[in-house]
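Now for the letters of each chain:
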Amino acid sequence: PLILEDGSLISNSSQGPLVKINKYSKIDWILDKHTHHSIYLDSDKNIIVPSVLNSKPDRTILPTREDSYIKVTLSGKILEENSIREILEKNKYFGLLYGVGNYEEDLIHLNDAEPILKNDQFVKKNDLMLSSRNLSSVFLYRPSTEKIIWLKNGPWLKQHDIDYNGNGKFSIYDNGVIDSY
């Protein structure tokens, strides 16, 4: 959950709607979307949270869960929703999506979408750090240009969290999970 300065709370049930509860424990709004994992505010005080698209694009080679991130105002209005698959495809990372491993319905599993809050010589405000658990990949995405600035696959396994430590350095929480099929 994310606790705001006014005492209200924004939360999800890990695989369900996004909810804002005010400081008096009353529900302000419910966003009926499949949201999960991390919840952050960007530099403009909009909510960034991983989500799953309701519809699957016709061009999808195999039927998989369509992970995305959404940007939501503090009043509960969706400003944008961006497919992680489309971001990777537009940036020519086809090998990650289609060339490694066995078919998996939950191919991407976005579990962290964390905004950069201020510029430095390596990152720009509102860049997003994205962590794709099932691709064992983390990347820095610049929504303003629709470009992946940096992407690293492993050596971690099914990591969970990526954080920016400044000076071009990131820390990654490794789940160390090896699937057994």
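Preceding block: the structure.
Reading the values: the criteria
Residues numbered from 1 in each chain as written. Predicted model: local features only at pLDDT ≥ 70, side-chain atom pairs only at ≥ 80, totals over all residues. Heavy atoms only, no water. Salt bridge = Lys/Arg side-chain N within 4 Å of Asp/Glu carboxyl O. Helix = DSSP H or I, 4+ residues; strand = E, 2+ residues; numbered from the N terminus. Buried < 20%, exposed > 50% of the residue type's maximum accessible area, 1.4 Å probe, protein only. Core = buried A, V, L, I, M, F, W, Y, C linked by side-chain atoms within 4.5 Å. Contact = heavy atoms within 4.5 Å. Pairing = 2+ DSSP bridges.

Trainee: Please clarify how the pattern of salt bridges should be interpreted in this entry.
Mentor: Should the charged atoms of two oppositely charged side chains come close, the side chains can pair. A full pass over the atoms with the stated rule returns eight salt bridges. Across the pair Arg142 and Asp127 runs a salt bridge whose closest N-O atoms are separated by 2.8 Å. On the criterion of sequence distance, the pair formed by Arg142 in strand S11 (residues 137-142) and Asp127 in the loop between strand S9 (110-115) and strand S10 (128-132) is long-range, its members being 15 residues apart. With respect to burial, Arg142 and Asp127 carry one shared label: buried. Among the charged side chains, a network of salt bridges with common partners joins Asp42, Lys71 and Glu80.

Trainee: Would you explain the nonpolar core in this entry?
Mentor: Soluble globular proteins tend to pack their nonpolar side chains together in the buried interior. Ranked by size, the top nonpolar core spans 18 residues in total, and within it Tyr69, Ile84, Leu88, Leu130 and Phe139 carry the most contacts. Elements with a contribution of two residues or more to this core: helix H1 (84-90), helix H2 (94-98), S9, S10, S11 and strand S12 (147-153). In this structure Leu88 touches Tyr93, Leu97, Leu135, Phe139, Ile148 and Leu151, once residues within four positions along its chain are discounted. One finds Ile10, Ile47, Val49 and Ile70 within the second-largest nonpolar core, a separate group that totals eleven residues.

Trainee: I tried to follow the pairing of S9 on my own but got confused; where do I start?
Mentor: Side chains on a regular strand alternate between the two faces of the sheet. Across the six residues that make up S9, a large majority, six, are buried. Judged from the five bridges that link them, S9 and S10 form a sheet pairing that is antiparallel. From the neighbouring strand, Asp112 faces S10, where its bridge partner is Ser131.

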